[in-house]
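One letter stands for each residue in the lines below.
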Amino acid sequence: MIKYGLLLFSALLLLTFCHRENSPERILSSSKAHYKKQCASCHGASVEDFTKKEWKHGNSRLELINSIKNGFPDIAGHNFSEKLNERQIFNLSNYLLDNMVANKEKMLQNAVPKDNKYVSEGMTIVLDTILTDLENPWGIVFLPNNDMLFTERIGKLWRLDGNKKKTEITGVPPSLVESQGGLLDIKLHPKFESNRIIYLTYSKTKDSLGSTYGTTAVYRARLDNDKLVDGKDIFVAEPYTKAFHHYGGRLAFDRNGYLYVSVGDRGGKDDYPQFLDKGPGKIHRIKDDGSIPADNPFINRKDAMASVWSYGHRNPQGLAIHPQTGELWETEHGPRGGDEVNMIQKGKNFGWPVVSYGTEYDGGSFTSITRRDDIINPIDYWVPSIAPCGLAFVTSDLYPAWKGDLLAGSLRFRYLDRCDLEGSKLLKHEQLLPQIGRMRCIAIDNKGYIYVAVEEPGMIFRLMPQ
Ligand code: HEC
C-alpha cells in the first residue's frame, strides 16, 4: 500500500514538475535568462531597446530563427544552435516577437493626439464621428445618392441618410451569429442604379444530427424601399463545418463585373485550403447571378469547384481592386508573424498551410519552408501580426498625399495601416489613427471621403482632410 502511495506521489511530483517546466512563466523566465546570457552583451541589456530598432535581416519568425541559428556570413560566431536547442531558440524568437508587440502598442499609445487632429506624412486628418453605439459594423457601401448602407454582424442591415437618420432594411437572410459569424460584407451591383441589386455575405447555417453547421454564403437581392426582395443565395462554400470562425466573407467586383468572394479556412487548415474541391481557404470568382465564368481556371477539372479562382488562403478579410491595374488585392490573417498582403492571380496557390512566413511550433520542429516555386509569395507581410480587416485604395483627390495608396484596418493594434504604394510596389507602411479601435472595415463614399468602422465599441468615422 505504502509502495503504491509512494509511486503515486512521485508520479504527481513528476507531473507538476513537467507542467511547471512548460508553463508560460517558466518559458518566459528562461528566455529572459538566455537573452541576458547570450545576447545582451552585444544587443543591449534591455530587450526593449533591441526590439525597438529597425532590423535589416527581417523580423518574421523564420528570419528571426534563422538570424539566431545561422547568423550572417560577415559576422563571426552568430550561430547559437550549439548553445541553445530548437525549442529554446523558438521560445527566444517568441520573446523577441512579444516585445515587438509591446513596443508597437507603446508607440501607438504615445502617438494618440490630444486634440482629435491626426498628423500623418503629408496629411492632417480630423475625425468626424458619424455613428456610435453600434454592435459590430462589418461592411459599408454608398448608394448613388450617397446614403450609407452598412451591416452589423449581429444580423442587421441599415441605411443612414444625409441627416444621420438610421433606417433598418428588412428581408436580410438569417445568419449564424456565433463567434466570428453573422451578417458580414455588402456590395452593390455595378449597375445598381438601374437594377437596385445588392450582395451580402453571411454565415449560413444548417442543423444536422443535432449539431449546428455553418459556412460562408453570398445572398443576392433587390433593394426596394428599405426592403430586400427577390432574395436568394447565389453561392455557398460547401462543405458546412462545425467551426464558427475564419469565414473570410469579403466581396469585390472587378472591372468586368465578376464578383470575387473570399472564404477562410474554417479552422480546417489540413482539410480545405489545398483541396480544389472544397470551398474554404479560397478566393472564388462568379458572375453577378452566381453562375461560373467560362474562363475560370479549374472549370474543366472534375476534382475542383468551378468557382475557385485562387487557393491556399487562411482567413482573407480584405479584398479590393487596384484602381490602375484592375488587379485583385487581398489581405489575410496568417499565423503569428505572417499576415499577408497579396496580389491575387488566377489559379494560383497562395501556400497556406504549406508555406508561410509565420510558423506554428508543432512540438517537434517548425516547418521552415518560406518559398516554393509553385506558390505565390505575398507582396508584403506584417510582423508582428496586425490582424488585417477591410481594404480600400485611396482614389480621390481629397487626400493628395495618400492617393493610390492601400488602406488596411488593424483589429489587433486598433489603427489604420497605410501601405504606401508606387503603382503595385509597396514602399512602406504608415500607422494612422492610432488606438482608434478594432478596425473592421474601410469604405470610400461617392464624393471620395474615407470612412472607417471599428468595433468594441462599434463606431463609424469619416476622415476629414484639413
Ligand atoms: C557578439 C555579438 C552578438 C551577440 C552575442 C549576439 N548578436 Fe545578434 N547580431 C550581432 C550583430 C553584429 C548583428 C548584425 C547587425 C546588423 O547586420 O546590422 C546581429 C544581428 C542579429 C539579428 C538580426 C537583426 C537585424 O538587423 O535584422 C538578430 C535577430 C539577432 N542578432 C539576434 C540575436 C540573439 C537572439 C542573440 C542571443 C541568442 C544574439 N543575437 C547574440 C551581434 C551579436
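These numbers come from a predicted model, not from an experiment.

Draft legend 1. Layout of the coordination of the iron atom of the ligand. For the iron atom of the ligand, the protein coordination sphere consists of His 43 (NE2) and His 78 (NE2), at 1.9 to 2.0 Å. Classification of the site at the iron atom of the ligand rests on its six donor atoms, whose angles at the metal span 89 to 178°, yielding the label octahedral. Of the two residues, His 43 sits in helix α2 (residues 24–43) while His 78 sits in the loop between α4 (61–70) and α5 (86–110), which places them 35 residues apart along the sequence. For His 78, a relative accessible area of 19% translates into the label buried.

Draft legend 2. How the structure looks around the site of the ligand. The environment of the ligand is formed by 18 residues, the closest being Cys 39, Cys 42, His 43, His 57 and His 78. Lys 56 is positioned such that a nitrogen or oxygen atom in its backbone is 2.8 Å from an oxygen atom of the ligand. If you list the elements that add at least two residues to the shell around the ligand, you get α2 and α4. The element contributing the most residues to the shell around the ligand is α2, with five residues.

Draft legend 3. Representation of unusual backbone geometry in the model. Cis geometry marks the peptide bond from Glu 238 to Pro 239; its omega dihedral reads 5°. Looking at the secondary structure, you find Pro 239 in the loop between β10 (227–236) and β11 (251–253). The omega torsion of the bond from Val 383 to Pro 384 falls at -10°, within 30 degrees of zero and hence cis. At Lys 164, a residue that is not glycine, the phi angle is positive and equals roughly 60°. By the secondary structure assignment, Lys 164 is in the loop between β5 (156–160) and β6 (166–169). What makes Lys 164 partly exposed here is its relative accessible area of 43%. Of note in this structure, Ala 387 is not a glycine but carries a positive phi near 60°. By the secondary structure assignment, Ala 387 is in the loop between β18 (380–382) and β19 (388–393).

Draft legend 4. Seen up close, the sheet that holds β19. Strand order in the open sheet made by the four strands is β19-β20-β21-β22, with antiparallel pairing throughout. Of all the strands in the sheet, just β19 and β22 (425–432) have a single pairing partner and so form its edges. Each strand axis lies, on average, 25° off the axis of its neighbour in the sheet, ignoring direction. When strand β21 (residues 415–422) meets β22, the two strands line up antiparallel, connected through seven bridges. Its bridge partner being in β22, Asp 420 is matched across the sheet by Lys 428.

Draft legend 5. Spatial organisation of the nonpolar core. One finds Leu 433, Val 452, Ile 460 and Leu 463 to be the most contacted residues of the largest nonpolar core, which totals 36 residues. The set of elements that each furnish at least two residues to this core consists of β2 (123–134), β3 (137–142), β4 (148–152), β5, β23 (438–444), β24 (450–455) and β25 (458–465). Per-element accounting of this core gives the leading share, six residues, to β2. In terms of nonpolar packing, the next biggest core, distinct from the first, is built from 19 residues, Cys 39, Val 47, Leu 64 and Tyr 95 among them.

Draft legend 6. Broad picture of the packing of α4 against α5. Interhelical geometry of α4 versus α5 gives an angle of 125° and a closest axis separation of 10 Å. By the angle class used here, α4 and α5 are oblique. As α4 packs across α5, the resulting crossing turns out to be right-handed. Here Arg 61, Leu 64, Ile 65, Ile 68 and Lys 69 of α4 come into contact with α5, specifically with Glu 86, Ile 89, Phe 90, Leu 92, Ser 93, Asn 94, Leu 96 and Leu 97.

Draft legend 7. Up close: the domain arrangement of the protein. Each assigned domain of the protein is listed with its residue range as follows: domain 1 (26–110) and domain 2 (117–465). The C-alpha centroid of domain 2 is placed 34 Å from the C-alpha centroid of domain 1.

Draft legend 8. A look at the pairing of strand β16 (residues 328–332). Of all the five residues making up β16, five are buried; the element is thus mostly covered by neighbouring parts of the structure. Residue alternation in β16 divides its side chains into two sets, Leu 328, Glu 330 and Glu 332 and Trp 329 and Thr 331, and both sets are buried. The hairpin formed by strand β15 (residues 316–321) and β16 contains six residues between the paired strands, and Gly 326 there has a positive phi angle of roughly 75°. Both β16 and strand β17 (residues 339–343) contribute to a ladder of four bridges, which runs antiparallel.

Draft legend 9. Structural detail: the environment of Lys 242. Note that Lys 242 resides in the loop between β10 and β11. Other than its neighbours up to four places away in sequence, Lys 242 contacts Ser 211, Thr 212 and Tyr 213.

Draft legend 10. Region of the structure containing the side chain of Arg 462. Mapped onto the elements, Arg 462 comes out in strand β25. The contact partners of Arg 462, leaving out residues within four places of it in the chain, are Val 126, Leu 127, Asp 128, Ile 130, Tyr 449, Ile 450 and Tyr 451.

Draft legend 11. How the structure looks around the environment of Asp 374. Summarising the element assignment, Asp 374 is placed in the loop between β17 and β18. For Asp 374, a relative accessible area of 43% translates into the label partly exposed. For the pair formed by Asp 374 and Arg 301, sequence separation is 73 residues and the distance between their alpha carbons is 19 Å.

Draft legend 12. Highlighting the pattern of salt bridges. One pass over the structure, following the stated rule, counts 24 salt bridges. Where Arg 285 meets Asp 295, a salt bridge forms, and the shortest distance between an N and an O atom there is 2.9 Å. Taken together, the residues span a long stretch of sequence, with Arg 285 in strand β13 (residues 282–286) and Asp 295 in the loop between β13 and β14 (308–311) at a distance of ten residues. Asp 303 is paired through a salt bridge with Arg 301; the nearest N and O atoms lie 3.0 Å apart. What you see here is one network of salt bridges that share partners, running through Glu 121, Asp 405, Arg 418, Asp 420, Lys 428 and Glu 430.

Draft legend 13. Layout of the packing of aromatic side chains. A complete count under the given rule lists ten aromatic pairs for this structure. Cluster of aromatic residues (ring-pair linked, three or more members): Tyr 35, Phe 50, Trp 55 and Tyr 95. A cation over an aromatic ring shows up here: Lys 166 above the ring of Trp 158, its NZ or CZ 4.2 Å from the ring centre.

What counts and what doesn't
Residues numbered from 1 in each chain as written. Predicted model: local features only at pLDDT ≥ 70, side-chain atom pairs only at ≥ 80, totals over all residues. Heavy atoms only, no water. Donors = N, O, S within 2.8 Å, 3.2 Å for Na, K, Ca; no water. Tetrahedral: all angles 85-135°; square planar, octahedral: opposite > 155°, others 65-115°. Helix = DSSP H or I, 4+ residues; strand = E, 2+ residues; numbered from the N terminus. Buried < 20%, exposed > 50% of the residue type's maximum accessible area, 1.4 Å probe, protein only. Near = heavy atom within 4 Å. Polar contact = N/O pair within 3.5 Å; in protein donor to acceptor, adjacent residues only side chain to side chain. Pairing = 2+ DSSP bridges. Axes fitted to C-alpha atoms, helices over the stretch in contact; angles between N-to-C directions. Core = buried A, V, L, I, M, F, W, Y, C linked by side-chain atoms within 4.5 Å. Parallel < 35°, antiparallel > 145°, perpendicular 65-115°, else oblique. Left-handed = near helix turned anticlockwise from the far one by under 90°. Contact = heavy atoms within 4.5 Å. Domains from an automatic or database assignment. Salt bridge = Lys/Arg side-chain N within 4 Å of Asp/Glu carboxyl O. Phe/Tyr/Trp six-rings, centres within 6.5 Å; stacked < 30°, edge-to-face > 60°. Lys NZ or Arg CZ within 6 Å of the ring centre and 35° of its normal.

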